[in-house]
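Structural description and commentary
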Amino acid sequence: MNLFWTLAHVRSGFGSPSLGASKGTCRCMCKMLNATAADRNKDPILAVLKTRVKSDRHLTALEISSGTGQHVIHFAEAFPNITWQPSEVEAQSISSIEAYRQYHRLQNIKPPIYLDASQSWENWGGFQAESCDLVVNINMMHISPLACTMGLFGGVGKILKPQGMLLTYGPYAFNGSITPQSNVDFDQSLRYRNPEWGLRDVSLLKTLGQENGLRLDEIVDMPANNKCLLFHKDSVV
């Protein structure tokens, strides 16, 4: 669920497709939103996944709050052994994800589903208990109400298989402190826009994880003062 969109640039020079194919391509591209933050962080996040997720067997992954769809395309290309389920709560984002999916034609990405993380996991598009190997959640917690964060951990604790992993990415507070100043300013701007938004404290997330059978095993430093938090259900994937 990213905040700032720019329309994807429609460029000519895609060879000489038929008129119908050309129209279809244009329709897809016009719906494909582009978030510059997603372009910046997709490779660093992928690097974390590559060193921690097995690629020698079939896995099932759910991305909660897929934003534009840029991340799931990037990850699906790198992990053809994983079947990816993107999800979103905003109609415009769902349309963008589907446009990316149609454009890239990757067979291991399912059509996006509506998913409100604040709702009970039974309403998460039909996911069954212990049916998912990996859950990815990028830049959602700080731009959504706390109920979404609580619902995220509650639901993931149910749908994740034993030995499964939850990866979250974003800026966080630590023991009530936010650093550096740019993150302090960012947190203040978020709370000004919506009092229910703001950087979540890792100590709170660790507690929510423990309450739902998820153990915070690793905190990975990322560019631009962000972190990857890696939670496991029993052990690593």
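Reference entry: report on the structure contained in this document.

Rules used throughout
Residues numbered from 1 in each chain as written. Predicted model: local features only at pLDDT ≥ 70, side-chain atom pairs only at ≥ 80, totals over all residues. Heavy atoms only, no water. Helix = DSSP H or I, 4+ residues; strand = E, 2+ residues; numbered from the N terminus. Buried < 20%, exposed > 50% of the residue type's maximum accessible area, 1.4 Å probe, protein only. Contact = heavy atoms within 4.5 Å. Polar contact = N/O pair within 3.5 Å; in protein donor to acceptor, adjacent residues only side chain to side chain. Pairing = 2+ DSSP bridges. Right-handed = clockwise from strand over helix to strand, strands pointing away. Phe/Tyr/Trp six-rings, centres within 6.5 Å; stacked < 30°, edge-to-face > 60°.

**With respect to the environment of Leu199**
Along the chain, Leu199 turns up in the loop between helix H6 (181–193) and helix H7 (202–211). Taking relative accessible area as the criterion, Leu199 reaches 5% and is therefore assigned buried. Along the chain, Leu199 and Tyr172 lie 27 residues apart, while their C-alpha atoms are 5.2 Å from each other. Leave out the neighbours within four places in its chain, and Leu199 touches His142, Pro171, Tyr172, Ala173, Ile178, Asn183, Phe186, Asp187, Leu190 and Arg191.

**Some remarks on the environment of Met29**
Inspection of the secondary structure assignment puts Met29 in helix H1 (residues 19–31). In this structure the C-alpha to C-alpha distance between Met29 and Gln102, which are 73 residues apart in sequence, comes to 9.5 Å.

**What about the side chain of Asn34?**
Examined against the element boundaries, Asn34 turns out to sit in strand S2 (residues 33–34). A distance of 3.2 Å separates a polar atom in the side chain of Asn34 from a polar atom in the side chain of Asp39.

**Points about the pairing of strand S3 (residues 59–64)**
S3 sits mainly inside the fold: 5 of its 6 residues count as buried. The sheet contact formed by S3 and strand S4 (residues 82–88) spans 5 bridges and is parallel. From the neighbouring strand, Glu63 faces S4, where its bridge partner is Pro86. In this region the chain leaves S3, passes through helix H3 (residues 70–78) and returns to the parallel neighbour S4; the handedness of that crossover is right-handed. Across 4 bridges, the pairing between S3 and strand S6 (residues 132–138) is parallel. Bridging from a neighbouring strand, Leu62 pairs with Val135 of S6.

**Examining the packing of aromatic side chains**
Tallying each qualifying case throughout the model produces 2 aromatic pairs. Ring centres of Phe75 and Trp84 lie 5.8 Å apart, and the angle between their planes is 40°; this geometry places the pair in the tilted category. As far as burial versus exposure is concerned, Phe75 and Trp84 are alike and both buried. Their ring planes at 75° and their centres at 5.1 Å tell us that Phe153 and Phe231 sit as a pair that is edge-to-face. Placement of Phe153 in helix H5 (residues 146–159) and of Phe231 in strand S9 (residues 226–232) is noted, with a sequence separation of 78 residues between them. Judged by its relative accessible area of 0%, Phe231 falls in the buried class.

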